[in-house]
Each structure stands twice: as C-alpha cells, then as structure tokens.
Amino acid sequence: RAGSDVTITVGAKNETFALFSAEKPHDWCIPFSVDGNPPPALRWLFNGSALVQGKYIRTKIVEYEHNSTVVHGCLYLNGPTHVNNGNYTLLAHNPLGADARTVLGRFMDNPFTKPRLPSGPVDRTASPPSLQVSVAVALAVFACLFLSIMLIVLNKCGRHSKFGAAVLAQDDDIAMSLHFMNLGSSPQSSAESKLEGLKTNFIENPQYFCDSCVHHIKRRDIVLKWELGEGAFGKVFLAECYNLIPEQEKMLVAVKALKEATESARLDFQREAELLTVLQHEHIVRFYGVCTDGEPLVMVFEYMKHGDLNRFLRSHGPDAKILDNGNGQSFGQLTLSQMLQIATQIASGMVYLASLHFVHRDLATRNCLVGRSLVVKIGDFGMSRDIYSTDYYRVGGRTMLPIRWMPPESILYRKFTAESDIWSFGVVLWEIFTYGKQPWYQLSNTEAIECITQGRELERPRTCPSEVYDIMQGCWQREPQQRQNIKEIHSRLQALVKTPPVYLDVLG
Ligand code: AMP
C-alpha cells in the first residue's frame, strides 16, 4: 500500500505467546505483527529500558504477508528464566508515524524466592491494563495447555512403549517373584527414590565423608541464566558464579537446586556434597561447593557445555539431523576414534573410583557429561532421573533400578560391587557404539530381566570392531571375579585409541 503510518500488534492475533521449537529448543517467541510503509524500524524495551539483543534474545521477521505491508515476527528468548519476566515493549517507527505496544512476559518463578508477582516501575508507554491482563491470562492458559500436552504426550509414549506397559502391568508380580527389594509399600516420588538410592550408595561407600571440607558459596555470587535440564533432585541451571577461583572474576557453572528441603533431603544433600568434595579427578565432573544460605539448597558444578552423554550420542548418530538442536555446533556423526576417546575417558574416571573402592551403582551414558573438545566426565552419583525414567525399573513401588545396566547378581541379590560397575561399563560401551540406544530396547523390563539373568548378551553393534566387542564381553562374564578389571580395560582402550582398528560396517 502507499506510504502509511505504523500499527503494531504484539502477542499475536489471539494474544498468546507461543513456544517455538523449530528454531532452537527452549526458544520462546513473543509474536508481533507490524504494518507500515516504508517498513518501520523496530526496537524493543524491557521494563522501559532498551533491550540488549544478542545470541539468546533476538528479533526475527518470520513471515512477510503476500501483497501487503504487514510483517509477522518473533522476539525470541532462548531458555528464559525469572530474570526475563517483565514488560516487553515494541517500538516501531517510520517517517510517517510511530506506534508502541507492551506485553507482560512471565516465564518462570524465581527459584530463589517464594513465588510472587513481578514488580518494577510502571511503564508509561505500556498498553492499557486490559491488554496486559489478557496477555497474562493468555500466557497462563498457554502454560497450562503446554503442560497438559506434555503430560498427554508423555503418557502416550509410556503406553506405546512396551516398557511402560509392562511396568504398569507387572510391577507387583516382579517385586514378589524377585525377593530382593521389598522395602515397604508406601509410594515414593522419583526424588525420594533417588535419595533412597543415594543413601544405599553412601552406606556402601561410608568412608568418603568430609564434613568440614565442603566449600560454601554465597548466594549473591550466583547469577542464574537459564535452565539446562531437570533431574530427580530438582532443576539444573546455567549460572554465572563470582569469586569462585582466583584466576577469574566470574565463570559459567551448572547449579543444581534441590526441590524439596525436608530434613532427610537436607541430610542427604549434605552427604552428597561431602562425597563430591572428596572425588576429584579429570574425568569426574568438578564440584565447586554448595550454597546453603537460604532456599533452595544448591550445588555448584563445572558447566559441561554439551550436556549429558546419552543425548550427545543420539544427536551425533544416524538420527543426528532429526535431533540436531540447531545450535550450530554439530560434530556430525561420531567417528570410531571419537567413540574410543569417549570410552577411554569414562574408563579413566572408573579406574579412579575403583582405586578409592567407590562403587558407583548407576554407571550409564545418561550419567556422564560432555564438555568442550569432547571431554567426557562421570557426572552423576545418585540414582534415577526424571527424563530417563524409562531406564529405571520401579520395584515394589519404592526403589527404581537401572536393570538394563545391571549384572545378574545385582538384579537377583541386589549385590553392587566394583565388578557390577564393570558390567555396567560394558553396557556403556555398547551405548556408545549404538549412538545412545537403550540396552534391550526391544524388550520390556521383565523380558530384559529374564534375558540378563539367563545369560543372554547384547549383540555387537553394527559399527563396533571385534576388538571393542571383546572388551564388552569381558565385562559381561557371569562370574563377577572373571570380569576384566577396569585398569586392564582402560589400557586396552588406550591402545585402541592410539591405533584404531579397521572395521567393516556390516550392511543389512
Ligand atoms: P541431573 O540432575 O544430574 O540429572 O541433570 C539434569 C540435566 O541437567 C542433565 O541431563 C544435563 O542435561 C543437565 N546438566 C546437569 N549437570 C550439568 C553440568 N554440569 N553441565 C551442563 N549440563 C548439566
């Protein structure tokens, strides 16, 4: 159309925010439409001040309407947290006019305080209260809808998977027939299960407590950036931490916030912190300390930029394109040499744990983390995770067990030893060479238990050289004493890294 004034709509036609995963996971979009000729210049204010845009907050025009001067766009926010709550004002102007619209963005409650309504100076350029209220209501409705959809999807996945169905139908039968872990009957949350797992872990590793050596970090020195994930203990955030090490004024860290602070949860938190303080090795994720002045209790770890190894493997395998998170840091499909490097690093961490007579009990790729330059570290010493809940088998309503990673003696008699960790290491090798497949993925829990206890082995993955499969089989000897020791395994892997074997990928 001919030269015209500017008009804006923010919050889209139905005034809701939308979560867009097409661009990047965790990207939120504040949709807007602008009409004006010549095309107006756009600018955003956040709580009345200029909004600084960059990698994590950016404006993008997503659609130009055909034969029209109207454009539709998004203000994308990547993984917004409570610090991003506030008024977003879009200013648009061209030589013929200007317009401004404001919406209230409310992404997350401050995890460091009790929930409260966002405060701050009143924005005089803001839209009429009715618009703000309707956008806030729309946002709340959207959040509920999103949660419901997620629940439906999760439920559906559970029902579709053989595994989920089997657990629902056969949980109690198994708990009775395998007499080992009937610990009681009260239902337990996954966090409680995790704590239960940790307690046992601690009982088996009692000498690793050091009450006085846990480093305490001040809450004011931790500035949360955004959420990285969620485990059974609570949310994990990327944060900036000040005054942590002398060489750097501030550095990126991963912060784990404990979601429930019951007396027993606090005790377990303290115990885990003491244990983590003692474990120090280049292939064990570095633990910096705790922050306990106020709620929630948090643990501070080194930040491993590629997240957990299972996800990393899946996004660097044959399905990489589908799962690529669009952060432009794709390594492509992992090579044999990279797989060997990953395995060797985990073996090195395990040699260290074994030297301390520490029994991990839950070694799996989901519990390892990947940092820059393909550095891999063992990163979780508890049991059970929400997002990987199908990897665990709930027995008798209380305990969650990673049965697919467990040897027969752990399944049958609940015996966890350095040798049972070696069995799990063999399964980790299998995970690496299958780009993160779930062991016995084709079987239900009960079928997997049957196979393992009857002595059936996981098959050689297509891309796995026989030298590596030999190592796996050395880990899966039925007699614990006959399993190879972790030092030998580590040396064999180191040798393979130096001279990688040639392998033929069997077609079919
Ligand atoms: P967890 O509570 O350990 O189960 O962690 C939940 C998720 O948070 C994991 O799957 C990772 O994606 C992420 N995460 C945990 N720790 C770190 C870390 N140190 N660096 C980066 N991401 C992490």
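Coordinates for the structure precede this section.
Just so you know, these numbers come straight off a predicted model, no measurement behind them. (Residues numbered from 1 in each chain as written. Predicted model: local features only at pLDDT ≥ 70, side-chain atom pairs only at ≥ 80, totals over all residues. Heavy atoms only, no water.)

Caption draft 1: Geometry of the pairing of strand S10 (residues 222-230). Strand direction decides the pairing type here: S10 and strand S11 (residues 235-245), joined by seven bridges, are antiparallel. In the strand pairing of S11, Glu230 is matched with Lys235. Where S10 folds back onto S11 in an antiparallel hairpin, the turn is made up of four residues, including Gly234, whose phi is positive at roughly 155°. (Pairing = 2+ DSSP bridges. Helix = DSSP H or I, 4+ residues; strand = E, 2+ residues; numbered from the N terminus.)

Caption draft 2: Examining helix H7 (residues 336-355) more closely. Compared with the 28 Å implied by 1.5 Å per residue over 20 residues, the 28 Å span of H7 between its first and last C-alpha is a close match. Of all 20 residues that make up H7, 16 are buried, and the element is covered over most of its length. Within two residues after H7, His357 carries a phi angle of roughly 60°, on the positive side. (Expected span 1.5 Å × (residues − 1). Buried < 20%, exposed > 50% of the residue type's maximum accessible area, 1.4 Å probe, protein only.)

Caption draft 3: Up close: the nonpolar core. Membership of the largest hydrophobic core comes to 80 residues, with the highest contact counts inside it found for Ile346, Phe425 and Phe433. Broken down by element, the residue count for this core peaks at 11 residues, all from H7. Those residues in contact with Phe433, other than ones at most four positions away along the chain, are Leu336, Met339, Leu340, Pro461, Thr463, Cys464, Pro465, Val468 and Met472. Judged by nonpolar contacts, the second largest core, of 19 residues, contains Val6, Val10, Leu90 and Phe107. (Core = buried A, V, L, I, M, F, W, Y, C linked by side-chain atoms within 4.5 Å. Contact = heavy atoms within 4.5 Å.)

Caption draft 4: Representation of the sheet that holds strand S5 (residues 49-50) in the model. Reading across from one edge, S5-S4-S8-S9 is the order of the four strands in this open sheet, with antiparallel pairing throughout. Two strands close off the open sheet at either side, each with one partner strand: S5 and strand S9 (97-105). Of the strand pairs in this sheet, strand S4 (residues 41-46) and S5 are connected by two bridges, and their pairing is antiparallel. When the sheet's bridge partners are listed, Leu45 is paired in S5 with Ala50.

Caption draft 5: Here's a closer look at the packing of aromatic side chains. For the coordinates displayed, the defined rule picks out four aromatic pairs. Their ring planes at 55° and their centres at 5.3 Å tell us that Phe287 and Phe301 sit as a pair that is tilted. One end of the pair, Phe287, is in strand S13 (residues 287-291); the other, Phe301, is in strand S14 (residues 298-302), and 14 residues separate them in sequence. Across the pair, exposure class does not vary: Phe287 and Phe301 are buried alike. The side chain of Arg361 reaches across the aromatic face of Phe416, ending 4.4 Å from its centre. The ring of Trp405 has Arg366 lying over it, and the distance from NZ or CZ to the ring centre is 4.2 Å. (Phe/Tyr/Trp six-rings, centres within 6.5 Å; stacked < 30°, edge-to-face > 60°. Lys NZ or Arg CZ within 6 Å of the ring centre and 35° of its normal.)

Caption draft 6: Main features of the environment of Gly36. With respect to the helices and strands, Gly36 occurs in strand S3 (residues 27-37). Measuring from C-alpha to C-alpha, the distance between Gly36 and Asp5 comes to 5.6 Å, with 31 residues separating the pair along the chain.

Caption draft 7: Region of interest: the sheet that holds S11. Reading across from one edge, S10-S11-S12-S14-S13 is the order of the five strands in this open sheet, with antiparallel pairing throughout. Where the open sheet ends on each side, the last strands, each with one partner, are S10 and S13. In this sheet, adjacent strand axes meet at a mean angle of 35° when their direction is disregarded. Direction of pairing for strand S12 (residues 248-257) relative to S14: antiparallel, over a ladder of five bridges. Pairing of Val255 across the sheet is with Val300, part of S14. Helix H4 (residues 263-278) contacts S13 and S14 of the sheet and is inclined by roughly 25° relative to S14. (Axes fitted to C-alpha atoms, helices over the stretch in contact; angles between N-to-C directions.)

Caption draft 8: Molecular detail of the pairing of S12. Bridge count between S11 and S12: eight bridges; the pairing is antiparallel. Paired with Ala239 across the strands is Val253, a residue of S12. Count of turn residues in the S11/S12 antiparallel hairpin: two residues.

Caption draft 9: Quick look at the packing of H7 against helix H12 (residues 486-498). It is the contact of H7 with H12, at a shortest axis distance of 9 Å, that shows an interaxial angle of 155°. It follows that H7 is roughly antiparallel to H12 by the angle criterion. The way H7 lies across H12 gives a crossing that is left-handed. Residues Leu340, Gln341, Ala343, Thr344, Ala347, Ser348, Met350, Val351 and Ala354 of H7 lie in contact with H12, whose contacting residues are Ile486, Lys487, His490, Leu493, Gln494, Leu496 and Val497. Residues belonging to the contact of H7 with H12 are distributed by class as follows: 10 nonpolar, five polar and one charged. (Parallel < 35°, antiparallel > 145°, perpendicular 65-115°, else oblique. Left-handed = near helix turned anticlockwise from the far one by under 90°. Nonpolar A, V, L, I, M, F, W, Y, C, P; charged D, E, K, R; others polar.)

Caption draft 10: Spotlight on the pattern of salt bridges. For the coordinates displayed, the defined rule picks out nine salt bridges. Of the charged contacts, one joins Arg219 and Asp293 as a salt bridge, the two residues approaching to 3.6 Å between their closest N and O atoms. Residue Arg219 is located in the loop between helix H3 (190-204) and S10, and its partner Asp293 is located in the loop between S13 and S14; the two are separated by 74 residues in the primary sequence. By relative accessible area, Arg219 is classed as buried at 13%. For Glu240, the salt bridge goes to Lys250, with nearest N and O atoms at 3.4 Å. Of this pair, Glu240 sits in strand S11 while Lys250 is found in strand S12, placing the two residues 10 residues apart along the sequence. Take Lys250: its relative accessible area is 36%, and that puts it in the partly exposed class. Each member of the salt-bridge network shares a partner with another, and the members are Lys225, Glu240 and Lys250. (Salt bridge = Lys/Arg side-chain N within 4 Å of Asp/Glu carboxyl O.)

Caption draft 11: Structural detail: the packing of helix H9 (residues 418-433) against helix H11 (residues 466-475). Running from amino to carboxyl end, H9 crosses H11 at an angle of 150°, the nearest separation of the two axes being 7 Å. When the interaxial angle is binned, H9 and H11 end up roughly antiparallel. You can see that H9 and H11 cross each other, and the crossing is left-handed. Between H9, through Ile422, Trp423, Phe425, Gly426, Leu429, Trp430 and Phe433, and H11, the contact on the second element is made entirely by Val468, Ile471, Met472 and Cys475. Among the residues making up the contact of H9 with H11, the classes are represented as 10 nonpolar, one polar and no charged.

Caption draft 12: Here's a closer look at the side chain of Thr434. Relative to the helices and strands, Thr434 resides in the loop between H9 and helix H10 (445-454). Within the local environment of Thr434, its side chain forms a polar contact with the backbone oxygen of Glu431, the two atoms lying 3.1 Å apart. (Polar contact = N/O pair within 3.5 Å; in protein donor to acceptor, adjacent residues only side chain to side chain.)

Caption draft 13: Main features of the side chain of Thr453. Within the secondary structure, Thr453 is located in helix H10. Among the polar contacts listed, one links the side chain of Thr453 to the backbone oxygen of Ile449, at a separation of 2.7 Å. Non-local contacts of Thr453, meaning those with residues more than four positions away in its chain, are made with Pro408, Ile411, Leu412 and Arg478.

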